[in-house]
Amino acid sequence: MRHYLEYSAQRVQQILPITKWQDLSLQQHESLAAFRVRFSEFQEHLGKAMRAVAIEEEVEEDRFGAILAYMEKLKIIDTAERWKLIRELRNAINHEYEEDAERLTQFFLETLKATPELFDCFERLLTLCTDAYGIKPE
Amino acid sequence: MRLTNSQINMIRNATSQNFGEGTLIWLFGSRLDDSKCGGDVDLYVETMKRNTLMAELRCKIALEGSLDLSVDLIVKEPGKDKPIYDLAKSQGVRL
């Protein structure tokens, strides 16, 4: 999943910045759409993995804020505030409309900026799972 | 209107912090109907700032944290125009 997102991010980087939205090819639109979905899914999976770690460690997991505070303590994420912002960015994926090119460009730039942060979080979670539970990716 | 004075002040503070002083706010949607229960807080905001995507997300996080309610935020930047802006403004109540 990580590699798919990495690939999509590279494709989108080649497309941005977009000056004339109408001039994008169908293939470029497809790349943007794939990036949206992959970013969204990857972020969601990381959130689920964080919750699973919290359950394993018997940390309060009813409030996601408590899970984020624990992840910050473990240095899985930089700050809970930044993670919440990335999560809102992901939630905004379905609220952005194609007729507002300026807004969409801004959205893709911010999402691209957040992508390496998701990869960092992923690597740290992998290390934690390997060290603490002996789990390695297949 | 189903918002307390304290909640209105929280909304004013969060919007001015994220969009600057002089930001105009309207409440619209189900929170205006006293006969209803629960529901999201629907806000329409007019700002003089541009490129407000991240400010909007920060404001939503701050509001949902302080109000402990789900918030839908529609932000109008200078020069932008969408039918929802007129609808929210005409049906809404200025905060």
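Residues numbered from 1 in each chain as written. Chains lettered and ligands numbered in written order. Predicted model: local features only at pLDDT ≥ 70, side-chain atom pairs only at ≥ 80, totals over all residues.

A closer look at the interface of chain B and chain A
Quoted interface sizes are often the accessible area lost when the parts come together. Here is the rule: Note on contacts: residues are paired as contacts if their backbone-placed C-beta atoms lie within 7 Å. For this classification, the nonpolar set comprises Ala, Val, Leu, Ile, Met, Phe, Trp, Tyr, Cys and Pro, the charged set comprises Asp, Glu, Lys and Arg, and every other residue, Gly included, is treated as polar.
Contact residues are listed per partner, giving 7 residues for chain B and 9 residues for chain A. Of the residues contributing to the side of chain B that touches chain A, the split by class is 4 nonpolar, 1 polar and 2 charged.

Describing the pairing of strand E1 (residues 24-28) of chain B
A regular strand places its side chains so that they alternate between the two faces of the sheet. All names here are of chain B. Heads up, the rule is: Put simply, a residue is buried when 20 or more other C-beta atoms lie within 10 Å of its own C-beta and exposed when 12 or fewer do; between those, it is partly exposed, and each C-beta is set from the backbone. Counting from the N terminus, the helices are DSSP H or I runs at least four residues long and the strands are E runs at least two residues long. Pairing between strands is defined by DSSP: at least two bridges between them are needed.
For E1, the buried fraction is high: 4 of the 5 residues fall into the buried class. Both E1 and strand E2 (residues 41-46) contribute to a ladder of 5 bridges, which runs antiparallel. By the bridge assignment, Leu24 is partnered in E2 with Glu46. Bridge count between E1 and strand E4 (residues 93-94): 2 bridges; the pairing is antiparallel. Its bridge partner being in E4, Leu27 is matched across the sheet by Val93.

Here's the deal with the confidence of the model for chain B
To be explicit about the condition: Per-residue confidence from the predictor is reported as pLDDT, a score between 0 and 100.
With 100% of its residues at a pLDDT of 70 or more, chain B shows a mean pLDDT of 93. The ipTM, which scores confidence in the relative placement of chains, is 0.84 for this predicted complex, and the corresponding pTM is 0.88.

Quick look at the pairing of strand E3 (residues 71-76) of chain B
Residues and elements named next belong to chain B. Going by this rule: When the strands point away from the viewer, a crossover counts as right-handed if the route from the first strand across the helix to the second turns clockwise.
Where E2 meets E3, 6 bridges bridge the pair, whose relative direction is parallel. Within E3, the residue paired with Tyr44 across the bridge is Ile74. For the segment spanning E2, helix H2 (residues 53-67) and E3, crossover handedness is right-handed.

Let's talk about the sheet that holds E2 of chain B
All names here are of chain B. Going by this rule: Think of each axis as a best-fit line through the C-alpha atoms, taken over the contacting stretch in the case of a helix, with angles from 0 to 180 degrees between the N-to-C directions.
One open sheet holds the 4 strands; their spatial order is E3-E2-E1-E4, and the pairing between them is mixed. Looking at which strands have only one partner, the edges of the open sheet turn out to be E3 and E4. Contacts from H2 reach E2 and E3, with the element oriented near 150° to E3. Here helix H3 (residues 83-91) sits on the sheet in contact with E1, E2 and E3, set at roughly 80° to E1.

Quick look at the nonpolar core
Formally: As used here, a nonpolar core is made of buried Ala, Val, Leu, Ile, Met, Phe, Trp, Tyr and Cys residues. They are joined through C-beta atoms within 7 Å.
The biggest cluster of nonpolar side chains holds 26 residues, and the ones touching the most others in it are Leu46, Met50, Met71, Ile76, Ile77 and Cys121 of chain A. For this core, the secondary structure elements donating two or more residues are helix H1 (2-15), helix H2 (26-56), helix H3 (64-73), helix H4 (80-91) and helix H5 (101-133) of chain A together with H2 of chain B. Top element by residues in this core is H2 of chain A. It accounts for 8 residues. Among residues more than four places away in sequence, those in contact with Ile77 of chain A are Leu68, Met71, Glu72, Trp83 and Cys121 of chain A. Ranked by size, the runner-up nonpolar core spans 18 residues in total, among them Ala14, Phe19, Val41 and Leu43 of chain B.

A look at H2 of chain A
All names here are of chain A. Using the following cut-off: Multiply 1.5 Å by the residue count of a helix minus one, and that product is the helix's expected span.
Between its terminal C-alpha atoms H2 stretches 45 Å, which fits the 45 Å expected from 31 residues at 1.5 Å a residue. Ser31, Leu32, Phe35, Arg38, Phe39, Phe42, Gln43, Leu46, Met50, Val53 and Ala54 are the residues of H2 that are buried. On its buried face, H2 sits against H1, H3, H4 and H5. At the exit of H2 stands Glu58, carrying a positive phi of roughly 55°.

Considerations on the environment of Thr105 of chain A
All names here are of chain A. With respect to the element layout, Thr105 can be found in helix H5. A C-alpha to C-alpha distance of 20 Å links Thr105 and Glu41, two positions 64 residues apart in sequence. Contact partners of Thr105, with chain neighbours within four places excluded, come to Leu16, Pro17 and Ile18.

A closer look at unusual backbone geometry
That bond from Leu16 of chain A to Pro17 of chain A is cis: its omega, -5°, falls within 30 degrees of zero. By secondary structure assignment, the location of Pro17 of chain A is in the loop between H1 and H2. Even without being a glycine, Asn51 of chain B presents a positive backbone phi close to 50°. Within the secondary structure, Asn51 of chain B sits in the loop between E2 and H2. With 12 C-beta atoms packed within 10 Å, Asn51 of chain B lands in the exposed category.

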